[in-house]
Amino acid sequence: MERNGDSAPLLVARGLGKSFGAVRVLHDLDFEVRQGEVLGILGPNGAGKTTLFNLVSGDIRDHAGEIRFRGRPLAGPPFRRARAGIGRTYQIPRPYAGMTTFENLLVAATFGGGMTEAQAYDHCARILEDCELSPRANTEAGSLTLLDRKRLELARALASKPDLLLLDEIAGGLTDDEGKALVALIRRIRDGGTTIVWIEHVLHALFAVADRLMVLNFGEKIAEGLPAAVIEDPDVKRVYMGVEA
Ligand SMILES: Nc1ncnc2c1ncn2[C@@H]1O[C@H](COP(=O)(O)OP(=O)(O)OP(=O)(O)O)[C@@H](O)[C@H]1O
């Protein structure tokens, strides 16, 4: 059954486009993300998935088309969009290397989330626990293992209390057990009311959580809908999985 099929759209994109010089990376893309859903984004390398996140998060602000969040046009630099309720992770984790894990979260909660230090302290302690990072609270972020840097990337995005969370390939390189723990955590985040868009190549992780999928190829949408239907789509099989339909 489709969850949240009738809920209001939280994010609406119309006619989105982006080129780098002569290279067209996104073209005339329309999509919506409904309040409370998990939308999975699939597509081959270079399809434009991360660029799409960069447009929503404000890392790239020069583009064609319009993005509306809660009915209002999205504008401004990333920290303004974080304050408005948009959190994201980066494919290559970007911790503040000179700070501890906990300090990284405090910066995100106060700067991105607009909390006072007292509010941020309790909030971040809970997130550390949820993300299994409590034992690393006082570890300098630059010396964390890859897995812990990924956990920190997610924890930092959560610290700013996003209403919309953009996850960019966070499941790669995890063991089966770590992948299951990640899926359980993402479900808990969703159950807490956060809307999620998740770009992921690890299909079984995405399938365990996503309510809907959107598939991109060469910057255009080639399929969208319930996961079971999308994965059977002949274009998706041909383009994404290299299977002749
Ligand atoms: N800042 C940039 N300048 C020039 N080209 C860029 C820039 N950012 C992305 N590109 C190009 O845009 C295309 C789409 O990149 P993007 O990272 O959005 O793809 P993706 O679908 O996220 O791929 P992957 O699955 O490999 O992460 C690629 O060809 C990439 O080289």
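Residues numbered from 1 in each chain as written. Predicted model: local features only at pLDDT ≥ 70, side-chain atom pairs only at ≥ 80, totals over all residues. Heavy atoms only, no water.

Regarding empty space enclosed by the protein
Per the stated rule, a full pass over the model turns up two cavities of 30 Å³ or more. Roughly 170 Å³ of volume is contained in the largest cavity. As for the largest cavity, its lining consists of 14 residues, of which Cys131, Arg151, Glu178, Leu182 and Leu185 are closest to the centre. Those elements giving two or more residues to the lining of the largest cavity turn out to be helix 5 (146-159) and helix 6 (176-191). No other element matches the five residues that helix 6 contributes to the lining of the largest cavity. Size it by volume and the second largest cavity reaches roughly 40 Å³. Contributing to the lining of the second largest cavity are Leu11, Phe31, Val33, Ile41, Leu52, Phe53, Val56, Leu166 and Val197. Within the residue set of the lining of the second largest cavity, elements represented by two or more residues are strand 2 (23-34) and helix 1 (49-57). Here the element with the most residues in the lining of the second largest cavity is helix 1; it accounts for three residues. The residue makeup of the lining of the second largest cavity, split by class, is nine nonpolar, no polar and no charged. (1 Å grid on protein atoms, 1.4 Å probe; cavity = no way out; pocket = protein on both sides within 12 Å on 5 of 7 lines; lining within 4 Å. Points joined across faces, edges and corners; volume = space filled by probe spheres on them. Helix = DSSP H or I, 4+ residues; strand = E, 2+ residues; numbered from the N terminus. Nonpolar A, V, L, I, M, F, W, Y, C, P; charged D, E, K, R; others polar.)

Things to note about the site of the ligand
Around the ligand sit 13 residues, and of these Gly46, Gly48, Lys49, Thr50 and Thr51 come closest. In this structure, Thr51 approaches the ligand through a side-chain N or O atom, which is 2.6 Å from an oxygen atom. Contacts to the ligand include Gln91, whose side-chain N or O atom sits 3.3 Å from an oxygen atom. Summarising the interface, the protein chains cover 58% of the accessible area of the ligand, which totals 640 Å² for the free molecule. In terms of residue count, the dominant contributor to the shell around the ligand is helix 1 (three residues). For the shell around the ligand, the per-class residue count stands at four nonpolar, seven polar and two charged. (Near = heavy atom within 4 Å. Polar contact = N/O pair within 3.5 Å; in protein donor to acceptor, adjacent residues only side chain to side chain. Areas by Shrake-Rupley, 256 points an atom, 1.4 Å probe, with all protein chains shown as cover.)

Points about the pairing of strand 9 (residues 212-217)
The element strand 9 is extensively covered by neighbouring structure, given that six of its six residues are classed as buried. Neither face of strand 9 is open: one carries Arg212, Met214 and Leu216, the other Leu213, Val215 and Asn217, and all of them are buried. Strand direction decides the pairing type here: strand 3 (residues 38-42) and strand 9, joined by four bridges, are parallel. For Ile41, the partnering residue across the bridge sits in strand 9 and is Met214. Both strand 9 and strand 10 (residues 220-225) contribute to a ladder of five bridges, which runs antiparallel. Along strand 10, the bridge assignment pairs Asn217 with Glu220. As consecutive antiparallel partners, strand 9 and strand 10 are separated by two residues, and within that stretch Phe218 has a phi angle of approximately 45°, a positive value. (Buried < 20%, exposed > 50% of the residue type's maximum accessible area, 1.4 Å probe, protein only. Pairing = 2+ DSSP bridges.)

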